[in-house]
Amino acid sequence: MTNIDTTPIDYTASANNILPQFVDRLRQLHSIIVQNTYVKDTAKHLNRIIQDANNQTMVLIVGKERVGKTTMVNGLLGRSILPVSDQNPTGVNTFLRYGEHEEIKAYFLDGMVAIFDMSKLELLTTGDTFASQILREHLDYLEVYVKHELLKSVTIIDSVSLEAGGGEMAYFSESLINRVDEIFWVLRSESMAIDAEVLLMEALKNKGVVPLCIVNGIDKNNNTEAFIRSEKERIGHLLSDFVAISAMDALEAQQTDNKALWQRSQYDNLIAQIQRVAENSDKKTYAIIIRFLQWLERFRFELTVIPQRDPFQSAVENIEKFAGDTQYEFSRYQRDLAIVQEYEQEYEQVANVFKNVQTLYQLLQTISQHDFLQDDFVEQFTEKAVIYQQALREYRNMHNEYMREYERLDAQHKKIHGKGLMKAIFGHHTQNDFFKERVLRLNEQQEVCVTQHAKVREAEAIIVEEMHTVQNYLIELSKKRLARIEKKVNELNQQRAKEKRQLKLYAAKLNEFSCLIEAQGFIKENIQPFLMEERMPLRPKDQQMLKETIDSITSIDLSKNGLLARSQMNNKMESVAIPFDVESKYLLQPLRLAETDVKSNDIPAIPNKLEIQYGIE
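Quick caveat, the model's predicted, so the values are computed rather than measured.

Enquirer: Got a sec to walk through the side chain of Gln528? Specific residues and values, please.
Expert: Mapping Gln528 onto the fold places it in helix 19 (residues 514-531). The class for Gln528 is buried, based on a relative accessible area of 10%. At 3.4 Å, the side chain of Gln528 forms a polar contact with the side chain of Lys524. If sequence neighbours within four positions are ignored, Gln528 has contacts with Ile523, Lys547 and Ile550.

Next comes the structure, spelled out in structure tokens:
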């Protein structure tokens, strides 16, 4: 990060209005330089600036291990979206963005993008399996799309833990720090910032970056206020403010709808800070411009070294290494194979989802355990099935209660009269008035059983009538899920094939530096005048840096470097698709519940009503 003037600046409303115009010029510049492979990484950084300018405000969560960064994010979202592991801390930077459809986009270091379901988040972040380790070795970062109102205005980045060793400054990705609008530095109450963290804070302060300190764990420590006072005295000059919270309380409060616990978590203060950052669009405009000035310096360096090397030799060397290094190619193949193996495992699970379903109860359990089987239509059916099962349980309870009462009265009658109740109710005894009253009570219970039995049959008829349609619908949902998995594999192979095709094109364009010459002119004629206007929120020192950098860029002569150089790609560059022959291997198991499978086959018969007839023995 280039040192900049940290003198306070007065933001104006006009700064917010110029950002779309500025981004439009950056897009044009990106479309020019992206044609040249020598500045591929630089073009990638420019594209990130464009994306960040268009995206919501980004808040970066940093801190050492075990301070509760991930739990804090889960507390903001109200559920345990991100996995938390005592053994394995978060292993990859994770961008949480708003999405109507919740899913994961995994960005790998070589530009590959793979889409996963939310169930794979633990595999990609904290899992300790062999597949997890392979994938994380190649991962750059994750984007997790979550349907949560907070993420409509801000992107939250749950970062890997700070690395500190040998008493030196803690290491953290400078490129990631450059991308964000605000840094929330997390400490755990009673666990003061270590020296390596303080050194990193000082380095950030020298570059004009002042984080907000979040003190987590107030539920575990009664001396948080004293801890904050102590840290303010020690490192308060390196931080903008301190906010104390309890991530565990906030998460539990939202999961249990406990308002008092939510107040104790003090998360309202944290959310207020996030909203403050999201609403400060003028600051974001200035930050994007400053990042572009730093990018210009990087671009200047790229152009400076190009004339000093042999374009032909260096390009051919890089391409041959990419194409001919079997170890590198094998490593990439292993990564892609691990992705496909996860897809195959998911395919097998979906294909066998109905394998052991033989009753209505098992079907309902299966539906509840798989998100892809759940929608409004299925939910309506499951509600009716639950009503049927509830009615059946209530009828059994009523019937059992009736039979217990009948057996008690029958035994009592035998004890007194020497014969069972059914034999005696047609005769006349001196105690008949007593038993008559008890029999009348039994008959009242019998009537309740009759009514409940009718409800059971009514609910049962509804389920039986709809079962055929619902079964076909569930099968179609499973087929769609299987098709989606196959589509993801096809997209993965298409990306592999696309990479191979692009590599062949690189060799044909080694001499095409005309796009960089075009970029020099575009920067001079379109971007410099725009940024030098009075309405731009730039300090005099920033303007001077801009002018000097652009003058240096335009002074570099690339006109003689358009060498005709082409390289013939060998057969190893041909695209090899990873096989995914699963249709014959994992046939979709049928769902064929018959009427007898849906109905309960042990519904007790309705008890007969008892009638007393008086006569002479």
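Enquirer: Summarise helix 9 (residues 247-256); cite the residues concerned and give the values.
Expert: Buried residues of helix 9: Ala247, Asp249, Ala250, Leu251 and Ala253, and no others. Against helix 3 (69-77), strand 8 (212-216), strand 9 (242-245), helix 10 (259-265) and helix 11 (267-279) lie the buried residues of helix 9. Just beyond helix 9, the residue with positive phi is Asp257, at close to 55 degrees.

Enquirer: Describe the environment of Gly63, and please don't skip the residues or the numbers.
Expert: You can see Gly63 is positioned in the loop between strand 1 (57-62) and helix 3. For the pair Gly63 and Cys213, spaced 150 residues apart in sequence, the C-alpha separation works out to 9.7 Å. Leaving out residues up to four positions away in the same chain, Gly63 has contacts with Lys69, Ser161, Leu162, Trp185, Val186 and Glu197.

Enquirer: An account of the pattern of salt bridges is requested, with residue identities and associated values reported.
Expert: Any two side chains of opposite charge can pair, on the condition that their charged atoms come close. In this structure the tally under the stated criterion is 36 salt bridges. Close ionic contact of Arg481 with Asp117 constitutes a salt bridge, the shortest N to O distance being 2.8 Å. With Arg481 in helix 18 (residues 432-508) and Asp117 in the loop between strand 4 (113-116) and helix 4 (121-125), this residue pair connects regions lying 364 residues apart in the sequence. Asp336 is the partner of Arg335 in a salt bridge, and the nearest nitrogen-oxygen pair spans 2.3 Å. A residue is classified by how much of its surface remains accessible, and Arg335, at 1% relative accessible area, is buried. Given a relative accessible area of 0%, Asp336 falls into the buried group. Each of Glu103, Asp117, Glu346, Arg481, Arg484 and Lys488 takes part in a single network of salt bridges with overlapping partners.

Enquirer: Now, about the packing of aromatic side chains: what can you tell me, with residues and values included?
Expert: One pass over the structure, following the stated rule, counts 12 aromatic pairs. Centre to centre, the rings of Tyr107 and Tyr141 are 4.7 Å apart; their planes meet at 5 degrees, and the pair counts as stacked. With a gap of 34 residues between them, Tyr107 in strand 3 (residues 103-108) and Tyr141 in strand 5 (residues 139-146) connect regions that are remote in the sequence. When sorted by exposure, Tyr107 lands in the same class as Tyr141, which is buried. Plain terms: the ring middles of Phe377 and Tyr473 are 4.6 Å apart, the flat faces sit at 55 degrees to each other, and that makes the pair tilted. Of this pair, Phe377 sits in helix 16 (residues 376-417) while Tyr473 sits in helix 18, and the two are 96 residues apart along the sequence. Given the relative accessible area of 35%, Phe377 is considered partly exposed.

Enquirer: How would you explain the packing of helix 3 against helix 9 if you had to name every residue and give the values?
Expert: A pair of packed helices can be characterised by two numbers: the angle between their axes and the separation between those axes. One can describe the packing of helix 3 onto helix 9 by two numbers: an axis separation of 8 Å at closest approach and a directional angle of 30 degrees. Between helix 3 and helix 9, the angle falls in the class roughly parallel. Judged by the sense of rotation from one axis to the other, the crossing of helix 3 with helix 9 is left-handed. Along its contact with helix 3, which presents Thr71, Met72, Asn74, Gly75 and Leu76, the element helix 9 presents Ala247, Met248, Ala250, Leu251 and Gln254. Tallied by class, residues from the contact of helix 3 with helix 9 come to six nonpolar, four polar and no charged.

Enquirer: Break down the nonpolar core for me, with residues and values.
Expert: If you look at the biggest cluster of nonpolar residues, it comprises 97 residues, and the most contacted ones within it are Met72, Ile214, Tyr267, Leu270, Phe354, Leu363 and Leu474. Residue contributions to this core peak at 16 residues, all from helix 18. There are two domains that each give this core at least three residues, and those are domain 1 (55-265) and domain 2 (315-598). Excluding anything up to four places from it in sequence, Met72 contacts Ile61, Val186, Ile214, Ile245, Ala247, Tyr267 and Leu270. Ranked by size, the runner-up nonpolar core spans 43 residues in total, among them Val23, Leu29, Leu296 and Leu538.

Enquirer: Lay out the side chain of Ser159 in plain terms, naming residues and giving numbers.
Expert: Along the polypeptide, Ser159 turns up in the loop between strand 6 (154-158) and helix 6 (174-179). Within the structure, the side chain of Ser159 is placed 2.4 Å from the backbone oxygen of Ile61, a separation counted as a polar contact. What Ser159 contacts, discounting residues up to four positions off in sequence, is Leu60, Ile61, Val62, Lys69, Asn93 and Phe172.

Enquirer: So, the sheet that holds strand 1: which residues are in play, and what are the values?
Expert: An order of 4-3-5-2-6-1-7-8-9 is seen for the nine strands of this open sheet, with the pairing classed as mixed. Strand pairing shows two members of the sheet lacking a second neighbour, strand 4 and strand 9, which therefore form its edges. Along the sheet, successive strands turn relative to each other by an average axial angle of 25 degrees, direction set aside. As judged from the four bridges shared by strand 3 and strand 4, these two strands associate in the antiparallel manner. Among the inter-strand pairings, Ile104 is bridged to a residue of strand 4, identified as Phe116. Contacting strand 7 (182-188), strand 8 and strand 9, helix 8 (residues 224-235) crosses the sheet at an angle of about 155 degrees to strand 9.

Enquirer: Now, about the environment of Asn280: what can you tell me, with residues and values included?
Expert: Residue position: Asn280 is located in the loop between helix 11 and helix 12 (281-305). For Asn280, a relative accessible area of 31% gives the class partly exposed.

Enquirer: An account of helix 2 (residues 40-54) is needed here, citing residue identities and associated values.
Expert: Between the first and last C-alpha of helix 2 there are 21 Å, a value that for 15 residues agrees with the 21 Å anticipated at 1.5 Å per step. Among the residues of helix 2, those classed as buried are Thr42, Ala43, Leu46, Arg48, Ile49, Ile50, Asp52 and Ala53.

Enquirer: How would you sum up the confidence of the model for the protein? Please name residues and give values.
Expert: The predicted coordinates ought not to be read in detail in places where the model reports low pLDDT. Residues with a pLDDT of 70 or more make up 85% of the protein, whose mean pLDDT is 84. The low-confidence segment residues 1-16 (pLDDT under 50) makes 38 contacts with residues lying over four places distant or belonging to another chain.

Enquirer: Explain the pairing of strand 1 residue by residue, including any values.
Expert: Across the six residues that make up strand 1, a large majority, six, are buried. Burial along strand 1 is two-sided: the residues Thr57, Val59 and Ile61 and Met58, Leu60 and Val62 are all buried. Pairing analysis gives five bridges linking strand 1 to strand 6, with the strands arranged parallel. Bridge pairing in strand 6 places Leu60 opposite Ile157. Here four bridges tie strand 1 to strand 7, and the two strands are oriented parallel to one another. Looking at the pairing, Ile61 lines up with Phe184 of strand 7.

Enquirer: With reference to specific residues and values, describe unusual backbone geometry.
Expert: Glycine aside, a negative phi is what most residues show, and trans is what most peptide bonds show. With a phi angle near 55 degrees, Asp257 is a residue other than glycine that sits in the positive phi range. Note on placement: Asp257 falls in the loop between helix 9 and helix 10. Of note, the phi angle at Gln266 is positive, near 60 degrees, even though the residue is not glycine. The topology assignment puts Gln266 in the loop between helix 10 and helix 11.

Rules used in this analysis
- Residues numbered from 1 in each chain as written.
- Predicted model: local features only at pLDDT ≥ 70, side-chain atom pairs only at ≥ 80, totals over all residues.
- Heavy atoms only, no water.
- Helix = DSSP H or I, 4+ residues; strand = E, 2+ residues; numbered from the N terminus.
- Buried < 20%, exposed > 50% of the residue type's maximum accessible area, 1.4 Å probe, protein only.
- Polar contact = N/O pair within 3.5 Å; in protein donor to acceptor, adjacent residues only side chain to side chain.
- Contact = heavy atoms within 4.5 Å.
- Salt bridge = Lys/Arg side-chain N within 4 Å of Asp/Glu carboxyl O.
- Phe/Tyr/Trp six-rings, centres within 6.5 Å; stacked < 30°, edge-to-face > 60°.
- Axes fitted to C-alpha atoms, helices over the stretch in contact; angles between N-to-C directions.
- Parallel < 35°, antiparallel > 145°, perpendicular 65-115°, else oblique.
- Left-handed = near helix turned anticlockwise from the far one by under 90°.
- Nonpolar A, V, L, I, M, F, W, Y, C, P; charged D, E, K, R; others polar.
- Core = buried A, V, L, I, M, F, W, Y, C linked by side-chain atoms within 4.5 Å.
- Domains from an automatic or database assignment.
- Pairing = 2+ DSSP bridges.
- Expected span 1.5 Å × (residues − 1).
- pLDDT = per-residue confidence, 0-100.

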